[in-house]
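# Survey of secondary and tertiary structure
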Amino acid sequence: MKIDSILKLVVALAFVFMGCKQNDPKDISQKSNTSQLEKSGYAIQPITIRNVKLTDEFWLPIIQRVQEKTIEYAISKCEEEGRFDNFLIAGKQMEGAVKGAMPFDDSDVYKIIEGASNSLISAPNLPLDKLLDSLIGIVKIGQEKDGYLTTWRTINPAKPPAPWVKVVEGKRWESLFMSHELYNAGHMYEAAAVHYEATGKRNFLDIAIKNADLIVKTFGDDLGKIKAVPGHQIIESGLIKLYQITKNEDYLNLSKYFLDNRGNPENHELFGPYSQDHIPVIKQDEVVGHAVRAVYMYAAMTDIAAIKKDTAYSKAVNKLWENMVNKKMYITGGIGARHDGEAFGDNYQTLLPIMKLVLPSAMYIGITDYIIYQEMLNILMLLSVLYIMD
């Protein structure tokens, strides 16, 4: 199939999906494999989204608006910015240089698949299911034979899309502080796990596993492996998601390896407080640095504490939690008071002008119903306004 035909098919499926407002639960496989996704180690298990049906006049219209407008808008923006093209260029099915300005642009595609897959869990929809298969097919085109997948590195490893990604030799895995290669992988794993739970299909999961197997072979203390940690965290929790599905201990152990070696100068040149890489994670008791990087790491630390019954990790995350909630969180649940570095501020730092705040939602590790209403409604209202203005 020609490249322009692939992209036209994706867009066409998107619009077909948006026109299907009546969903038949029988239209899609209900094989969720949820039992394989149980978070072993946790005394309390979350209710499966599929078992929650909204019929109210408050949340249901918001969910419907997401399905009918937001997903379509997100996909169209990805196409407009060349996100899909990068996978096709990497797979040599399209000519050109890398498109976009950030080394983490691949993750936008993964996040859309993850969000759309979550909507499939509570509201099965065959056209959307087929649309996701098309997007996953494009992702697969960009994956190298050994499983590697970061499109800008494949297209031109010595020419990152952002000037702040340092080039030494122009090869894989260098400059992990800012290359976002492991960050992209982490979001892929998270999205693949949700897609598998939603559909029971392995098409995206197999792509993620192939990449994870490469990461396992590449990083560690064994002879010939690279001693390093990711600059931007999330691969740690992504590996745990894959472990929960496959029961492959290698994924869980590598996740803990990345966490254990943060703040370890004998493993790598430290990235500093910005990346929570100034002291070992089990010795950290104050939330510092880039707020998003931090909460991704704290979520993975919490999983390790629960799954491995690790008391050192448990004590650390409880201290970090207390510091964040009691001294560095706004009443809305927002965190990250400093515009510079999208970072946590000092304890009790005074509120800055709202347009200069980052305030990522602390929902990564769960706060209160109040935050859910405040943060999510604000985000959804903004997306709706942007869609209408566009």
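To be clear, the structure that these remarks concern was listed above.
Analysis parameters
All residue numbers here refer to positions counted from 1 along the written sequence of the relevant chain. Per-residue local features are limited, in this predicted model, to residues with pLDDT of at least 70; the limit for side-chain atom pairs, both in listing and counting, is 80 or more; totals at the level of whole chains, interfaces and linings are taken over all residues. Excluding hydrogens and water, the side-chain figures rest on all heavy atoms present in the structure. To qualify as a helix, a DSSP run of H or I must reach at least 4 residues; to qualify as a strand, a run of E must reach at least 2; elements of each kind are numbered from the N terminus. Multiply 1.5 Å by the residue count of a helix minus one, and that product is the helix's expected span. Residue exposure (1.4 Å probe, protein chains only): buried if accessible area is under 20% of the type maximum, exposed if over 50%, otherwise partly exposed. Residues belong to a common nonpolar core when they are buried Ala, Val, Leu, Ile, Met, Phe, Trp, Tyr or Cys residues joined through side-chain atoms within 4.5 Å. Residues are treated as being in contact if the distance between any of their heavy atoms lies within 4.5 Å. Using only the protein atoms, space was sampled on a 1 Å grid; points where a 1.4 Å probe fits but cannot get out form cavities, open sets with protein on both sides within 12 Å along at least five of seven lines form pockets, and lining residues are those with an atom within 4 Å of a point. Grid points are joined across faces, edges and corners, and a volume is the space filled by probe spheres set on the points. Put simply, Ala, Val, Leu, Ile, Met, Phe, Trp, Tyr, Cys and Pro go in the nonpolar bin, Asp, Glu, Lys and Arg in the charged bin, and everything else, Gly too, in the polar bin. Counted as salt bridges are all cases of a side-chain nitrogen of Lys or Arg within 4 Å of a carboxyl oxygen of Asp or Glu. Working definition: rings of Phe, Tyr and Trp (its six-membered ring) pair if their centres are within 6.5 Å, and the pair is stacked with planes under 30 degrees apart, edge-to-face with planes over 60 apart, and tilted otherwise. Working rule: Lys NZ or Arg CZ, within 6 Å of ring centre, within 35 degrees of ring normal, means a charge sits over the ring. Just so you know, the count uses Lys and Arg for positive and Asp and Glu for negative, and it drops His and the chain ends. Nitrogen and oxygen atoms within 3.5 Å of one another constitute a polar contact, given that in protein one can donate a hydrogen and the other can accept it, and given that sequence-neighbouring residues count only through two side-chain atoms. Note on definitions: angles span 0 to 180 degrees between N-to-C directions of axes, and those axes are lines fitted to C-alpha atoms, for helices only across the stretch in contact. Working definition: roughly parallel below 35 degrees, roughly antiparallel above 145 degrees, roughly perpendicular at 65 to 115 degrees, and oblique for all remaining angles. Crossings are assigned a handedness: left-handed for a near helix turned anticlockwise from the far helix by less than a right angle, right-handed for a clockwise turn.

What follows covers helix α12 (residues 291–307). The end-to-end C-alpha distance of α12, which contains 17 residues, comes to 24 Å, matching closely the 24 Å that a straight helix rising 1.5 Å per residue would cover. Across the 17 residues of α12, 16 count as buried, placing the element largely inside the fold. Lys-309 sits one or two residues past α12 and shows a positive phi near 55°.

Counting 78 residues, the largest nonpolar core has Tyr-189, Phe-204, Ile-215, Phe-219, Phe-258 and Met-301 as the members making the most contacts within it. The contacts of Phe-204, once residues within four sequence positions are left out, are Tyr-110, Ile-113, Ile-136, Val-139, Met-188, Ala-191, Ala-192 and His-195.

The full count for this structure, using the stated rule, is two cavities of 30 Å³ or more. In this structure, the largest cavity occupies an estimated 40 Å³ of space. Lining the largest cavity are Asn-86, Val-98, Lys-99, Met-102, Pro-103, Asp-105, Asp-106, Thr-151, Trp-152 and Pro-161. Size it by volume and the second largest cavity reaches roughly 30 Å³. In terms of lining residues, the second largest cavity is bounded by Leu-176, Ser-179, His-180, Glu-181, Leu-182, Tyr-183, Pro-230, Gly-231 and His-232. Where the lining of the second largest cavity is concerned, the elements lending two or more residues are α7 (176–179) and α8 (181–199). Of all the elements, α8 adds the most residues to the lining of the second largest cavity, at three residues. Among the residues making up the lining of the second largest cavity, the classes are represented as four nonpolar, four polar and one charged.

This next bit is on the layout of surface pockets. Counted as a void, the second largest pocket has a volume near 410 Å³. Lining the second largest pocket are 18 residues; nearest its centre among them are Ser-175, Leu-176, Phe-177, Glu-269 and Phe-271. The class makeup of the residues in the lining of the second largest pocket is twelve nonpolar, two polar and four charged.

With that settled, consider the pattern of salt bridges. Side chains bearing opposite charge may pair, as long as their charged atoms lie close to each other. In total, this model carries 17 salt bridges according to the counting rule given. In this structure, the salt-bridge partner of Asp-108 is Arg-83, at a minimum N-O distance of 2.9 Å. One end of the pair, Asp-108, is in helix α4 (residues 106–122); the other, Arg-83, is in helix α3 (residues 83–90), with 25 residues separating them in the sequence. The partly exposed category is assigned to Asp-108, whose relative accessible area is 24%. Here Asp-133 and Lys-201 are joined by a salt bridge, their closest N and O atoms 2.6 Å apart. Within this pair, whereas Asp-133 is found in helix α5 (residues 126–141), its partner Lys-201 is found in the loop between α8 and α9 (203–218), the two being separated by 68 residues in sequence.

Turning our eyes to something else, we now look at the packing of aromatic side chains. Two aromatic rings, taken as a pair, are described by how far apart their centres are and by the angle between their planes. With the rule as written, the count across this model stands at ten aromatic pairs. With a centroid separation of 6.1 Å and an interplanar angle of 65°, the aromatic rings of Phe-87 and Tyr-110 are classed as edge-to-face. One end of the pair, Phe-87, is in helix α3; the other, Tyr-110, is in helix α4, with 23 residues separating them in the sequence. A relative accessible area of 0% means that Phe-87 is categorised as buried. In this structure Tyr-110 comes out as buried when scored by relative accessible area, which is 0%. Ring plane angle 80° and centroid distance 6.2 Å describe the contact between Phe-177 and Tyr-274, whose orientation is recorded as edge-to-face. Here the residue Phe-177 occupies a position in helix α7, and Tyr-274 occupies one in the loop between α11 (249–260) and α12, the gap between them amounting to 97 residues. Among the aromatic residues, those joined into a ring-pair cluster are Tyr-148, Trp-173, Phe-219, Tyr-257 and Phe-258. For Lys-247, the ring lying beneath its charged end belongs to Tyr-243, and the centroid distance is 5.7 Å.

Considering the arrangement of structural elements, one finds Arg-293 in helix α12. Of the side chains with opposite charge, Glu-342 lies nearest to the buried Arg-293, which makes no salt bridge, at 7.2 Å.

Here Asp-277 shows up in the loop between α11 and α12. Among buried charged residues, Asp-277 stands out as having no salt bridge; its nearest opposite-charge side chain is Arg-262, 4.6 Å away. At 2.8 Å, the side chain of Asp-277 and the side chain of His-268 are in polar contact. Leave out the neighbours within four places in its chain, and Asp-277 touches Val-229, Asn-261, Arg-262, Gly-263, His-268, Glu-269, Leu-270, Phe-271 and Gly-272.

Relative to each other, α4 and α5 sit at 155°, their axes nearing to 11 Å. One finds that α4 runs roughly antiparallel with respect to α5. Viewed along their axes, α4 and α5 form a crossing whose handedness is left-handed. From α4, Val-109, Tyr-110, Ile-113, Ala-116, Ser-117, Ser-119 and Leu-120 reach across to α5, where they touch Leu-128, Asp-129, Leu-132, Leu-135, Ile-136 and Val-139. Looking at the contact of α4 with α5 residue by residue, the classes come out as ten nonpolar, two polar and one charged.

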